[in-house]
Amino acid sequence: MDRIDAMQAFTRVVETGSFTKAAETLQSSKTRVTQLVQQLETHLRVKLLHRTTRKVNVTADGAAYYQRVVRLLADLDDAETILSAASASPRGRLRVDVPAPLASLVLVPALPDFNARYPDIQLDLGASDRKVDLIEENVDCVVRGGELTDLSLRARHVADLPLGAYAAPDYLARTGMPRHPVVLEDAGHRIVAYRSSRAGSALMSPLRRGDEELLVQGRYVLSVDDGNAYLAAGIAGLGVLWLPQYMARQPLTRGELVPLFEDWHLDAMPMYVAFPSSRHVSAKLRVFIDWVVELMAQQVPTVQPPR
């Protein structure tokens, strides 16, 4: 029995709750994963998992062992990194999920810099706005906008994204320029609704001017759960958008969008890198997070402390 392989198999079964899913994330077979866990239990002379036909639960001894093994495997990963290339050159596979617009407009164009700094890191990048189960899907971290509510995650605040209201020239030609946000409640106006797959409901941001505060509900003909589709719908003239300024920069330059309500203020959107609290922050994850912080400081006017 390779004890390291057995420990990795055991931790993945605990994290996914399934031998089948653990085998998929380890790119192995269910039979092999089962054998490794059984051999580990025999070696330790203790039962680590309760198995039924429907699910797998960790025993009390297994839970205690899991906590130690997770740290041990992370320390081993760091030790190999230090020995292989002195800590300045971390290596290995890093699985990351980020919002689609952030990937296409900010992260991917800047990745040549990251690759030049850390040529031995293999980055598996998911670009989506969906809710990601980091443990079950074996993802190292996610970058997300908005307040985090999942208490199982640790997070580092990386930016506060300024927001603005925008509409396409074609839309304004049909409806006229709205001079006050309350006008968007009229029957002749439309918004594009962004419906988060994580929140399950349409997301809106209040507008403020002095002592005034207004949450525009508006009517929509389209709601989407993807940032790129949301931007495309606004450019197509389907309604008014609430966008982070980095998403609006190029469409404004090309004349595809026009800013609205510039004397009103929208609260900035906090952005975080989040990762499982049960996992040690490896060297490769640490340098990726530091790089994202540095990159976002270049992309937004200010990086404010968390509220």
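For clarity, every value in this text was computed on a predicted model and none was experimentally measured.

> Where do I start with the packing of aromatic side chains in this structure?
Between two aromatic rings, the relevant description is the distance of the centres plus the angle of the planes. Inspection of the entire model under this criterion finds 6 aromatic pairs. Each ring, one from Phe10 and one from Tyr65, has its centre 5.6 Å from the other, and the planes form 45 degrees; the classification is tilted. Taken together, the positions of Phe10 in helix α1 (residues 3-16) and Tyr65 in helix α4 (residues 60-85) put the pair 55 residues apart, joining distant regions of the chain. Members of the aromatic cluster, joined through ring pairs, are Phe114, Tyr118, Phe288 and Trp291.

> What should I look at first to understand the side chain of Glu41 in this one?
Inspection of the secondary structure assignment puts Glu41 in helix α3 (residues 30-44). If we ignore the near neighbours within four places in the chain, the residues touching Glu41 are Val46, Lys47, Leu48, Leu49 and Arg51.

> Please clarify how the pairing of strand β13 (residues 241-244) should be interpreted in this entry.
Burial of β13 is two-sided: the residues Leu241 and Leu243 facing one way and the residues Trp242 and Pro244 facing the other way are all buried. Here strand β7 (residues 163-167) runs beside β13; their pairing, made up of 4 bridges, is antiparallel. The partner of Leu163 across the bridge, within β13, is Pro244.

> Any chance you could explain the nonpolar core here in plain terms?
Here is a general trend for soluble globular proteins: nonpolar side chains tend to be buried in one another's company. Formed by 60 residues in total, the largest nonpolar core has its most connected members in Leu102, Trp242, Leu243, Trp291 and Met296. If one sorts the elements of this core by residue count, helix α9 (residues 283-299) sits on top with 9 residues. In terms of nonpolar packing, the next biggest core, distinct from the first, is built from 20 residues, Met7, Leu40, Val69 and Leu73 among them.

> Sorry if this is basic, but what is going on with the sheet that holds strand β14 (residues 258-260) here?
Within a beta sheet, neighbouring strands are joined by backbone hydrogen bonds and run either parallel or antiparallel to one another. Here we have 3 strands laid out as an open sheet, ordered β13-β7-β14, and antiparallel in their pairing. Here the strands that pair on one side only, and so sit at the sheet edges, are β13 and β14. Geometrically, the sheet is characterised by an average inter-axis angle of 50 degrees between neighbouring strands, direction not taken into account. The sheet strands contacting helix α8 (residues 245-253) are β7, β13 and β14, and the helix crosses β13 at an angle near 105 degrees.

> Explanation requested: the pattern of salt bridges in the structure shown.
Pairing between side chains becomes possible if they bear opposite charge and their charged atoms approach one another. Counted by the stated rule, this structure contains 12 salt bridges. The salt bridge partner of Glu294 is Arg117, with a shortest N-O separation of 2.7 Å. Of this pair, Glu294 sits in helix α9 while Arg117 sits in helix α5 (residues 100-117), placing them 177 residues apart in sequence. Exposure remark for Glu294: the relative accessible area of 34% places this residue in the partly exposed category. Arg156 is the salt-bridge partner of Asp290, the closest N and O atoms lying 2.6 Å from each other. Of this pair, Asp290 sits in helix α9 while Arg156 sits in strand β6 (residues 153-161), and the two are 134 residues apart along the sequence. The class of Asp290 is partly exposed, set by a relative accessible area of 35%. With relative accessibility at 35%, the residue Arg156 sits in the partly exposed group. Taken together, the salt bridges that share partners define one network made up of Asp113, Arg117 and Glu294.

> I tried to follow unusual backbone geometry on my own but got confused; where do I start?
Backbone geometry follows two general trends: most residues other than glycine have a negative phi, and most peptide bonds adopt the trans configuration. Here Gln27, not a glycine, exhibits a phi torsion of approximately 55 degrees, which is positive. Within the fold, Gln27 resides in the loop between α2 (19-25) and α3. Accessibility expressed as a relative area gives 66% for Gln27, which makes it exposed. Even without a glycine there, the phi angle at Arg45 is positive, about 60 degrees. Structurally, Arg45 can be placed in the loop between α3 and β1 (49-51).

> Explain the sheet that holds strand β11 (residues 212-214) here, please?
Read across the sheet, 3 strands follow the order β11-β10-β15 without closing on themselves; strand pairing throughout is antiparallel. Each having just a single partner strand, β11 and β15 (265-266) make up the two edges of the open sheet. Bridge count for strand β10 (residues 207-209) against β11 is 3 bridges, and the pairing is antiparallel. Considered in β11, the bridge of Arg208 is made with Glu213.

Cut-offs used in this document
Residues numbered from 1 in each chain as written. Predicted model: local features only at pLDDT ≥ 70, side-chain atom pairs only at ≥ 80, totals over all residues. Heavy atoms only, no water. Phe/Tyr/Trp six-rings, centres within 6.5 Å; stacked < 30°, edge-to-face > 60°. Helix = DSSP H or I, 4+ residues; strand = E, 2+ residues; numbered from the N terminus. Contact = heavy atoms within 4.5 Å. Buried < 20%, exposed > 50% of the residue type's maximum accessible area, 1.4 Å probe, protein only. Pairing = 2+ DSSP bridges. Core = buried A, V, L, I, M, F, W, Y, C linked by side-chain atoms within 4.5 Å. Axes fitted to C-alpha atoms, helices over the stretch in contact; angles between N-to-C directions. Salt bridge = Lys/Arg side-chain N within 4 Å of Asp/Glu carboxyl O.

Any functional reading would require information that these geometric values do not contain.
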